[in-house]
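The lines below spell out each chain.
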Amino acid sequence: MTITANSQLPNVFSQNLESIASKTDGSLPTLGAELVYTQDGAGRYLTFHWQHSELLGLNTEKIVDELNQMQTFAPVDKVNYVERLHRILTSLVPERFQCWFSYHQELFELDLVISPIMPSLGTTATTVLVMGRLVQATLNKKQARVASKTPTQIELALRSQQHQKLVNRITRNIRRTLDLDIIWQQTVDSLGKALRLERCIICPYQPSSSKVKVKAEYRQPELRSMLGLEIDVASEPAFAQALTTLEPVVMEVPGCTESGRQKTLVVATCYQDQANGLVALNWQDECYTLTESELELAKEAADQLGTAIAHATLYEELEVARQKAEEASRLKSEFLANVSHEIRTPLNGMIGFLKLILEGMADDPEEQNQFLAEAHHLSIHLLNIINDILDIAKIEAGKMELAYAPVKLDELFSAVESFMRPQAETRNLSFRMQMPAISDEIIVQSNYQRLLQVMLNLVGNAIKFTHEGGVTVSADLVLKKSKLQGQQFPGMVRVRVADTGIGVSLDKQDKLFQLFSQVDGSRTRQYGGTGLGLAISQKLVEAMGGEVHFYSLGEGLGSTVTFTVPLYQQPVMVSSTDSDSTDSAVSDSVAFSPL
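Procedures and definitions
- Position numbers for residues start from 1 in each chain and track the written sequence from start to end.
- In keeping with the model being predicted, local features are shown solely for residues with a pLDDT of at least 70 and side-chain atom pairs are shown and tallied solely at 80 or more, while totals for entire chains, interfaces and linings include all residues.
- Values reported for side chains reflect all heavy atoms of the structure, with hydrogen atoms and water molecules removed beforehand.
- We count a stretch as a helix when DSSP gives it H or I for four or more residues in a row; a strand needs E for two or more, and each element gets its number in order from the N terminus.
- In this scheme, a residue with accessible area under 20% of its type's maximum is buried, one over 50% is exposed, and one in between is partly exposed, where area comes from a 1.4 Å probe on protein chains only.
- Whether two residues are in contact is decided by their heavy atoms, any of which lying within 4.5 Å being enough.
- All accessible-area figures derive from a Shrake-Rupley calculation using a 1.4 Å probe, and residue coverage is judged against the displayed protein chains alone.
- For two strands to pair, DSSP has to find at least two bridges joining them.
- Pairing of aromatic side chains here covers Phe, Tyr and the six-membered ring of Trp, requires ring centres within 6.5 Å, and sorts the geometry by plane angle: under 30 degrees stacked, over 60 edge-to-face, intermediate tilted.

Novice: Even after reading the chapter, I still don't get the overall build of the protein, so can you show me in this structure?
Specialist: Secondary structure summary: the protein contains 13 helices and 24 strands in total. With 595 residues in all, the protein has 45% of them scored as buried. Sequence separation of 24 or more characterises 62% of the internal contacts of the protein that already satisfy a separation of 6 or more. Carbon and sulfur atoms provide 51% of the accessible area of the protein, an area that totals close to 32400 Å².

Novice: Even after reading the chapter, I still don't get helix H13 (residues 533-543), so can you show me in this structure?
Specialist: Counting along an α-helix, one turn takes 3.6 residues, and residues three or four places apart therefore face a common direction. In terms of residue burial, H13 counts as a mostly covered element, since eight of its eleven residues are buried. All buried positions along H13 are accounted for by Gly533, Leu534, Ala535, Ile536, Ser537, Gln538, Leu540 and Val541. At the exit of H13 stands Gly545, carrying a positive phi of roughly 85°.

Novice: Please clarify how unusual backbone geometry should be interpreted in this entry.
Specialist: Glycine aside, a negative phi is what most residues show, and trans is what most peptide bonds show. If you check the backbone angles, Leu92 has positive phi at about 60° while not being a glycine. Within the element layout of this structure, Leu92 appears in the loop between helix H4 (78-91) and strand E4 (95-103). Even without a glycine there, the phi angle at Leu246 is positive, about 60°. By the secondary structure assignment, Leu246 is in the loop between helix H8 (237-245) and strand E11 (249-254).

Novice: Explain the pairing of strand E20 (residues 491-499) to me, please; I cannot follow it from the model alone.
Specialist: Within a regular strand, the side chains alternate between the two sheet faces. In terms of burial, E20 is a largely internal element, seven of the nine residues being buried. Both strand E17 (residues 470-478) and E20 contribute to a ladder of eight bridges, which runs antiparallel. Each bridged residue has a counterpart across the sheet, and for Leu477 the counterpart in E20 is Val493. Bridging between E20 and strand E22 (residues 559-567) involves nine bridges; their strand directions are antiparallel. Bridging across to E22, Val497 finds its partner in Val561.

Novice: Is there a simple way to explain the environment of Ala302 in this structure?
Specialist: For Ala302, the position within the fold is in helix H9 (residues 292-358). Judged by relative accessible area, which is 4%, Ala302 ranks as buried. Residues Ala302 and Val267 lie 35 residues apart in sequence; the distance between their C-alpha atoms is 6.6 Å. Leaving out residues up to four positions away in the same chain, Ala302 has contacts with Val267, Ala268, Thr269 and Cys270.

Novice: Whenever I open this one, the environment of Ala240 confuses me. Can you help?
Specialist: Residue placement: Ala240 occurs in helix H8. Residues Ala240 and Val266, 26 residues apart in the sequence, show an inter-C-alpha distance of 9.8 Å.

Novice: How should the packing of aromatic side chains be read in this particular structure?
Specialist: Geometry of an aromatic ring pair is reported as the spacing of the ring centres plus the angle between the planes. Counting across every chain of the model gives ten aromatic pairs. When the centroid spacing of 6.3 Å and the interplanar angle of 50° are considered together, the rings of Phe73 and Phe108 count as tilted. Taken together, the residues Phe73 in strand E3 (residues 73-75) and Phe108 in strand E5 (residues 106-117) connect sequence positions 35 residues apart. With respect to burial, Phe73 and Phe108 carry one shared label: buried. Here a set of aromatic residues connected by ring pairs shows up, and it is made of Tyr37, Tyr45, Phe48, Trp50, Phe73, Tyr81, Phe101 and Phe108.

As structure tokens, then:
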């Protein structure tokens, strides 16, 4: 049965209390409560039982006499306490309240329920039954400044009980969610409030990084926030030691406050003996030394948190992988729909033109030849689409093998110009090809057919997405040594394809080099294509020891694509002299441009 304040006691219960009050030998049933005692109206103890009596050093056999004679365990505000007893005995209404008791140099806050005991109906109540529990134990301010660091036994028992409850609460909170941000914040809030900390922070830790970042924080209002702050582990010995030993580390700084010292407890969270975070607790008002059991509790809480971090991180990684798989599946479905459209379009055109010829719909041989030319053009377009699909399949399967040999850059540029200039001119676009101002030949180490494929792809895209203005293809030398197939080369050649076309918005540029992805992947998009061109070009250039980069300031502002390939040999400037009527070459190193 629960006794609550301001409720009348039933008669049956009062009769039971009468039998309890008759016990004057110091023994008393606990009634399920931590603290149970009876008193008369003057506050004298009649019986007394408390689970912590032995820890206080009280003699259980003569506890009542000792309490009454020595008045060692008494209310701090005794006058108010006795007045409350008289009020309860007069009104016969139980009351519940919190009250401070003193015992030698210690203070105890008790949560008490005081009920009147009536010996029989119609008589006046003269005794009360008090049941309660310990809320907290502390020292008064004057004594706290000079108190010993060693806690009393009652403090140890109370602190151990509170800390175990705290660990259980943190564990329950951790199991309710896999959201790391929630787990971290709930943990620092629980620790900070329960332990009355000045500050508590949590920092995730990656072995590959020398710094940690504060991701969650509990702090007192007057303190400046550390949230988001990056901390160098090497500059904090306690952090480094906790990560190395996986044991709690206590750091003390004397003379920081009126109480004389500041304490910081640092615990590494870990999973399978691998650190994955740090918890730092800071307090200033306590002077006691942490016990081994408390450090074990701190380590237990950190282990629980470390396991939660590992599980939540794994969940996040799985969720990201799932989302990527779903996105890849969506892109492939979109790609297949677009490719089927791209294949059907030239195929239908070829069938249409050939059917016109077979049915004799051509008016004359000239028109028939025109139909054949259109069918041939469409067949080449279809072949290019199929080649792109086969190329990307080979690249994805790791079966793309390239043979490397010296390639003359001017020959490559000439081939590109012969292919692409007619296309640009039919769209009324200017088309310029610019070689470096060097009289010597520029030779690169590459695969001619694949390098030509890359350039045709990039220039074709530039022409397709440009409505007015033009396209410029240029090259320059880069002072950057490179390696390909274990061979070192003296520099790089950077090829730049710039256009004045539609450009690409900044938020969509990351899609350009993704497989099966297009900036506009809808079926109603204005521009055709499979979306494989740039991805294939990037992978081919990377296989040839170079890099591809895309630049655009936004929609309508044009775009520039650059790629690099290894320079086979350093070119020289060649000049002619008339010495002795013979030609001799004087070689000077050509200047390289920076990256």
